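Structural features, examined
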Amino acid sequence: ATALALARRTEQRLLKADREQQQMQQRLMEAGKLAAIGELAAGVAHEINNPLAIMMENAGWIQDLLKSDDPHSQENTEEIFSSLQTIATQGHRCREITHKLLSFARKPDTTTKAVRINPLLEDIAGFARQKAKYRNVEIRLNLDPQAGDVESSSTEIQQIILNLINNAIDAIEKEGGLVQLRSTREENFVRIDVEDNGPGIPGDILPNIFEPFFTTKAAGKGTGLGLSICRDILARMGGSISVESVLGQGSVFHVRLPLPPGT
Ligand code: ADP
């Protein structure tokens, strides 16, 4: 009886440990995403500063004009209208930027629907260019009109590709950095390539980069979760991720997404 009780207690303890490990992994996944969002947020704050300064300047200008001797003269009225127009335009620009950030920060939307790959990649490139600009990295698109479309979650595909682009930008140290985003069709898959001309990945660490927590980045910069999350999501989608890299020349990550049957 005691042996049985002991076995049962051990089993329960193991189950509890399992559960705790799962919860921990879940939390770390969230943490990885938070780190990515933090990085994006810094870029967004930077990007929004400029329009904000312009809006405040124009608001001040309108106040000055209204306080002038003849605020209703034709010239002043025109100035006021044009300043208001500038404020509206810059406001829209800010809203666009915050919307993009929010759509990334939201809980991952795993619902699947028809996803048009090329327009999605164009969107992602536009978004990534904001970060790339400050690092002097060019993002180039090379889209095959025949690449095909998938039944999937666009939020998750976006998360994967952004992650790869961020890694590529982080890796590039020299001037003339270039990240190429390609789409092609490969048998029953759409293949998306994210290629950089960075330093490449040494052969001895190449087999490890998809492992959770493997990072070569400085403490506080890398979580080592990016690629392992990409691999997990893709496995769940029936897709895959692989990498080729040449030291001194760069790396290319291949993402394969299954095409719906019959396409
Ligand atoms: P993190 O970016 O937090 O380090 P990842 O799982 O995304 O975590 O990446 C793991 C490691 O793989 C990185 O620390 C880096 O050493 C390597 N790596 C990923 N992408 C590239 C790349 N494009 N060029 C060179 N090294 C890369």
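Residues numbered from 1 in each chain as written. Predicted model: local features only at pLDDT ≥ 70, side-chain atom pairs only at ≥ 80, totals over all residues. Heavy atoms only, no water.

**Observations concerning the overall build of the protein**
Defined as follows: Secondary structure follows DSSP: runs of H or I at least 4 residues long count as helices, runs of E at least 2 residues long count as strands, and numbering of each begins at the N terminus. We call a residue buried when its accessible area falls under 20% of the maximum for its residue type, exposed when it is over 50%, and partly exposed in between, using a 1.4 Å probe and counting protein chains only. Contacts are residue-level and defined by heavy atoms, with any inter-residue pair within 4.5 Å sufficient. Only the protein chains shown count as cover for residues, with accessible areas throughout obtained via the Shrake-Rupley method and a probe of 1.4 Å.
Within the protein, the secondary structure is distributed over 5 helices and 7 strands. Put simply, the protein runs from its N terminus to its C terminus through helices and strands in the order α-α-β-α-β-β-α-β-β-α-β-β. Relative to its 263 residues, the protein shows a buried fraction of 36%. In the protein, the proportion of contacts linking residues at least 24 apart, taken out of those at least 6 apart, comes to 72%. Within the structure as shown, the protein displays about 15,800 Å² of accessible surface, and the carbon and sulfur contribution to it stands at 54%.

**So, the packing of helix 4 (residues 154-171) against helix 5 (residues 226-237)**
Rule in force here: All axes here are fitted lines through C-alpha atoms, helices being fitted over the stretch that makes contact, and every angle between N-to-C directions spans 0 to 180 degrees. With respect to orientation, any angle under 35 degrees is reported as roughly parallel, any angle over 145 as roughly antiparallel, any angle of 65 to 115 as roughly perpendicular, and every other angle as oblique. Take the far helix as the reference: if the near one is turned anticlockwise from it by less than a right angle, the crossing is left-handed, and if turned clockwise, right-handed.
Put simply, helix 4 and helix 5 touch, their axes get as near as 10 Å, and they point 150° apart. As far as their axial angle goes, helix 5 and helix 4 are roughly antiparallel. Viewed along their axes, helix 4 and helix 5 form a crossing whose handedness is left-handed. Packed against helix 4, whose contacting residues are Glu156, Ile157, Gln159, Ile160, Asn163, Leu164 and Asn167, the element helix 5 presents Gly226, Leu227, Ile229, Cys230, Ile233, Leu234, Arg236 and Met237 at the interface.

**Things to note about the sheet that holds strand 4 (residues 177-186)**
Rules: The criterion for strand pairing is that DSSP finds at least two bridges linking the strands in question.
Reading across the sheet, the 5 strands line up as 2-4-5-7-6 and stay open at both edges, with mixed pairing between neighbours. Every other strand in the sheet has two partners, leaving strand 2 (137-143) and strand 6 (240-246) as the edge strands with one partner each. Ignoring which end each strand starts from, the neighbouring axes of this sheet average 15° apart. When strand 5 (residues 189-196) meets strand 7 (residues 250-258), the two strands line up antiparallel, connected through 8 bridges. Along strand 7, the bridge assignment pairs Val194 with Phe253. Helix 5 contacts strand 6 and strand 7 of the sheet and is inclined by roughly 25° relative to strand 7.

**What about the pairing of strand 5?**
Burial analysis of strand 5 places 6 of its 8 residues in the buried class, which makes it a mostly covered element. Sheet topology note: the strand 4/strand 5 ladder contains 8 bridges and is antiparallel. Bridge pairing in strand 5 places Thr184 opposite Arg191.

**Points about helix 5**
Applicable threshold: Expected span of a helix, by definition, is 1.5 Å for each gap between consecutive residues, and there is one gap fewer than residues.
In this model, helix 5 (12 residues) spans 17 Å end to end at C-alpha, consistent with the 16 Å of a helix rising 1.5 Å per residue. Gly238, located one to two residues past helix 5, shows a positive phi value of around 85°.

**Overview of the nonpolar core**
As a rule of thumb, soluble globular proteins bury nonpolar side chains together. As a reminder, the rule being used: We define the nonpolar core as a collection of buried residues of types Ala, Val, Leu, Ile, Met, Phe, Trp, Tyr and Cys that are connected through side-chain atoms lying within 4.5 Å of one another.
The biggest cluster of nonpolar side chains holds 43 residues, and the ones touching the most others in it are Ile161 and Ile165. Of all the secondary-structure elements, those providing two or more residues to this core are helix 3 (117-134), strand 2, helix 4, strand 4, strand 5, helix 5, strand 6 and strand 7. Here Ile161 is in contact with Leu121, Ile124, Leu181, Ile192, Val194 and Val255, once residues within four sequence places are set aside.

**What to know about the packing of helix 3 against helix 4**
For clarity, the threshold we go by: Each residue receives one of three labels: charged for Asp, Glu, Lys and Arg, nonpolar for Ala, Val, Leu, Ile, Met, Phe, Trp, Tyr, Cys and Pro, and polar for the others, Gly being one of them.
The N-to-C vectors of helix 3 and helix 4 enclose an angle of 40°; their axes lie 10 Å apart at closest approach. Relative to helix 4, helix 3 is oriented oblique. Regarding helix 3 and helix 4, the two cross each other, and that crossing is right-handed. Contact residues: Ile117, Leu120, Leu121, Ile124, Phe127, Ala128, Lys131 and Ala132 in helix 3; Ser154, Ile157, Gln158, Ile161, Leu162, Ile165, Asn166, Ile169 and Asp170 in helix 4. Looking at side-chain class alone, the contact of helix 3 with helix 4 contains 12 nonpolar, 3 polar and 2 charged residues.

**Describing unusual backbone geometry**
Positioned with a positive phi, Asn136 is a non-glycine residue whose angle comes to about 60°. In this structure, Asn136 sits in the loop between helix 3 and strand 2. The backbone of Glu187 shows a phi angle near 50°, a positive value even though the residue is not glycine. Residue position: Glu187 is located in the loop between strand 4 and strand 5. For Glu187, a relative accessible area of 67% translates into the label exposed.

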